[in-house]
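Fold and contact review
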Number of protein chains: 2
Amino acid sequence: MEIDLSKPILDRNERLAAENRARFDEAGVFVLDLMASPGAGKTSTILATIAALRERYSIAVIEGDIASRVDAEKVAAHGIPAVQINTGGACHLESDMIKRAIDALDLAALDLIIIENVGNLVCPTDFNLGEDAKVMILSVPEGHDKPYKYPGIFQVSEAIILNKVDTMPVFDFDEAEFTSVVKSLNPGAPIFRMAATKGDGVAAWAEWLAARIDAVKTAAGERA
Amino acid sequence: MEIDLSKPILDRNERLAAENRARFDEAGVFVLDLMASPGAGKTSTILATIAALRERYSIAVIEGDIASRVDAEKVAAHGIPAVQINTGGACHLESDMIKRAIDALDLAALDLIIIENVGNLVCPTDFNLGEDAKVMILSVPEGHDKPYKYPGIFQVSEAIILNKVDTMPVFDFDEAEFTSVVKSLNPGAPIFRMAATKGDGVAAWAEWLAARIDAVKTAAGERA
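Description of the structure in this document. (Residues numbered from 1 in each chain as written. Chains lettered and ligands numbered in written order. Predicted model: local features only at pLDDT ≥ 70, side-chain atom pairs only at ≥ 80, totals over all residues. Heavy atoms only, no water.)

Some thoughts on the overall build of chain A
The cut-off we apply is this: To qualify as a helix, a DSSP run of H or I must reach at least 4 residues; to qualify as a strand, a run of E must reach at least 2; elements of each kind are numbered from the N terminus. Within these notes, the globule rule equals 2.2 Å times the number of residues to the 0.38 power, and the radius of gyration is based on C-alpha atoms. Any residue under 20% of the maximum accessible area for its type is buried, any over 50% is exposed, and the rest in between are partly exposed; the area is computed with a 1.4 Å probe on protein chains only. Should any heavy atoms of two residues lie within 4.5 Å, those residues are considered in contact. Surface accessibility in these figures is a Shrake-Rupley result with a 1.4 Å probe; residues are shielded only by whichever protein chains are displayed.
Scanning chain A from terminus to terminus reveals 8 helices and 7 strands. A compact globule built from 224 residues should have a C-alpha radius of gyration of about 17 Å, and chain A, at 17 Å, falls within 12% of that. Counting all 224 residues of chain A, 58% fall into the buried class. Considering only contacts within chain A whose residues lie at least 6 apart along the sequence, 73% involve residues at least 24 apart. On chain A, roughly 8500 Å² of surface is accessible, and the fraction owed to carbon and sulfur atoms is 53%.

So this is what it looks like as structure tokens:
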């Protein structure tokens, strides 16, 4: 019953997403929208990604949360520019929030912006922020049946990180079934097995991301 | 920016919630709205609760999901009436969905209806379904910082289940800090430590729920 009301919100969001997109293109910066449930390891993955790529790229982070700025503080402690967005209750980020956040960043000096979306497997799926790619994290404790129950987010993600793989012995996680369902929903998306807090599996993910960043920088160079 | 549009949705939801509420009162049935992230153990907790209380009470379950009916099938396999609601993308249940679900149940024959909301720590918070109580589950793998980041759901819940406590040795979960923040957000809410799939801690939770069910039945008896 929200269908009629959501259309104008989505239309406005798309318009502002296109404006963000144009600014990112002009600056030659790759923008990642990272989505996951609460507690799946978004911030840990961001910190691991920063550790893997900070020597090669100039990175900033936009942190989306309902409330608090604990994540932005964790990132800023590593010397990386971090902008906190508090959505004041909203369950996802929207383009106008990103627009205001990037006003606080020196886009031309950046190669990579990682947006940490609000912890939610549903709502962020529908909102284009102007990013280059959406990527999702599922953590092993959430269970292998999640692609059945939240198919949308698995379909819009260009890559899927399976995090906390070190806890697989503790949980009844059927990885073969998980992989099979994900492949049926989204055949082209790679699945990166990771234990972000331990650094396991981060290198393969970081190389995938680096290739995408390089492609954006090359394209921007050719346009300039 | 959604504030203006959400008000009519919430107003309509409240009106239908009141109609559900009146039907529950008339039938003397206690209705629980169970909320949690994806994978926190909602279905496992429901199955453990059914096992603990099915000899004493007549129970039905309403399963809310974006897609699939795997949870309703799990519940129905235990011989309990289960109604599946597929929200078709919506991130929470609303009163009119519950209205249609209870049309499929024999309310007068029931003592307890457990509603499994969509896996989400944000959106279900704002939607009154006509229930007697909202209760939330947080699972240990999600992390002890979640009350900081999703305070609303901790504030509206009348009890909080801390699930998967058997995995605490695997995760860096500061239970003292968790308890302290929950108590500051919601001083009156009990916290039930549980490992639902193993049955640990289910008895204390089930007794809390039984006391609430008995109070509703007594009140309905006095009105009759």
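Thoughts on helix α7 (residues 175-185) of chain A
Residue and element names in this part refer to chain A. Stated formally: This arc describes the spread of directions from the helix axis toward the C-beta atoms.
Looking only at α7, the buried set comprises Phe178, Val181 and Val182. One side of α7 carries all its buried residues, which in axial view fall inside an arc of 100°. Opposite its buried face, α7 presents the exposed residues Ala176 and Ser184, each directed more than 90 degrees away. Taken together, the buried residues of α7 touch β5 (133-139), α5 (146-149), α6 (151-156), β6 (159-163) and β7 (191-193).

Here's the deal with the packing of helix α2 (residues 42-53) of chain A against helix α8 (residues 202-223) of chain A
Residues and elements named next belong to chain A. Defined as follows: Angles here are taken between N-to-C directions and fall from 0 to 180 degrees, while the axes themselves are lines fitted to C-alpha atoms, restricted in helices to the stretch in contact. By definition in this entry, angles of less than 35 degrees are roughly parallel, angles greater than 145 are roughly antiparallel, angles of 65 to 115 are roughly perpendicular, and the rest are oblique. Should the near helix be turned counterclockwise from the far one by less than a right angle, the crossing is left-handed, whereas a clockwise turn marks it as right-handed. Each residue receives one of three labels: charged for Asp, Glu, Lys and Arg, nonpolar for Ala, Val, Leu, Ile, Met, Phe, Trp, Tyr, Cys and Pro, and polar for the others, Gly being one of them.
Look at α2 against α8: their axes get within 10 Å of each other, and the N-to-C directions meet at 70°. Between α2 and α8, the angle falls in the class roughly perpendicular. Classified by chirality, the crossing of α8 by α2 is right-handed. Side by side, α2 and α8 meet where Thr45, Ala48, Thr49, Ala52 and Leu53 of the first sit next to Val202, Trp205, Ala206, Leu209, Ala210 and Ile213 of the second. Its residues assigned to classes, the contact of α2 with α8 shows 9 nonpolar, 2 polar and no charged.

Quick notes on the pattern of salt bridges
In plain terms, the rule: Definition used for salt bridges: Asp or Glu carboxyl oxygen within 4 Å of a side-chain nitrogen of Lys or Arg.
Summed over all chains, the structure comprises 34 salt bridges over all chains. The partner of A:Asp103 in a salt bridge is A:Arg23, and the shortest N-O contact between them spans 3.0 Å. Pair noted here: A:Asp103 is in helix α4 (residues 95-103) and A:Arg23 is in helix α1 (residues 3-27), with a separation of 80 residues, a long-range link. When its relative accessible area of 49% is taken as the criterion, A:Asp103 is described as partly exposed. Put simply, B:Lys134 and B:Asp33 hold a salt bridge, and the shortest N to O gap is 2.7 Å. Here B:Lys134, found in strand β5 (residues 133-139), pairs with B:Asp33, found in strand β1 (residues 30-36); they are 101 residues apart in sequence, far enough to count as distant. The exposure class of B:Asp33 is buried, given its relative accessible area of 0%. Through salt bridges with shared partners, one network takes in A:Asp65, A:Asp71, A:Lys74 and B:Lys149.

Here's the deal with unusual backbone geometry
Residue and element names in this part refer to chain A. Here Lys164, not a glycine, exhibits a phi torsion of approximately 60°, which is positive. Mapped onto the elements of the fold, Lys164 is located in the loop between β6 and α7. Look at Lys164 and you get buried, because its relative accessible area is 14%.

Focus: the sheet that holds strand β1 (residues 30-36) of chain A
Residues and elements named next belong to chain A. This is how the line gets drawn: Strands are treated as partners if at least two bridges between them are detected by DSSP.
As summarised here, the arrangement of the 7 strands in space is β3-β2-β4-β1-β5-β6-β7, forming an open sheet in which the pairing is parallel. Strands at the two margins of the open sheet, each flanked by one partner only, are β3 (82-86) and β7. Geometrically, the sheet is characterised by an average inter-axis angle of 20° between neighbouring strands, direction not taken into account. Contacting β1, β2 (59-65), β4 (112-116), β5 and β6, α2 runs over the sheet at an angle of about 170° to β4. This element, α8, spans β1, β4, β5, β6 and β7 of the sheet and lies at about 145° to β1.

Regarding the packing of aromatic side chains
Residue and element names in this part refer to chain A. Quick note on the threshold: The pairing test for Phe, Tyr and Trp rings, Trp by its six-membered ring, is centres within 6.5 Å, and the orientation test on the planes gives stacked under 30 degrees, edge-to-face over 60, and tilted for anything in between.
Applying the stated criterion to the full structure yields 11 aromatic pairs over all chains. When the ring of Trp205 is compared with that of Trp208, the centres are 5.6 Å apart and the planes differ by 20°; the resulting orientation is stacked. Separated by 3 residues within a single helix, Trp205 and Trp208 lie in helix α8, roughly one turn from each other. Both residues of the pair, Trp205 and Trp208, count as buried. By way of ring pairs, the aromatic residues Phe154, Phe173 and Phe178 are connected into one cluster.

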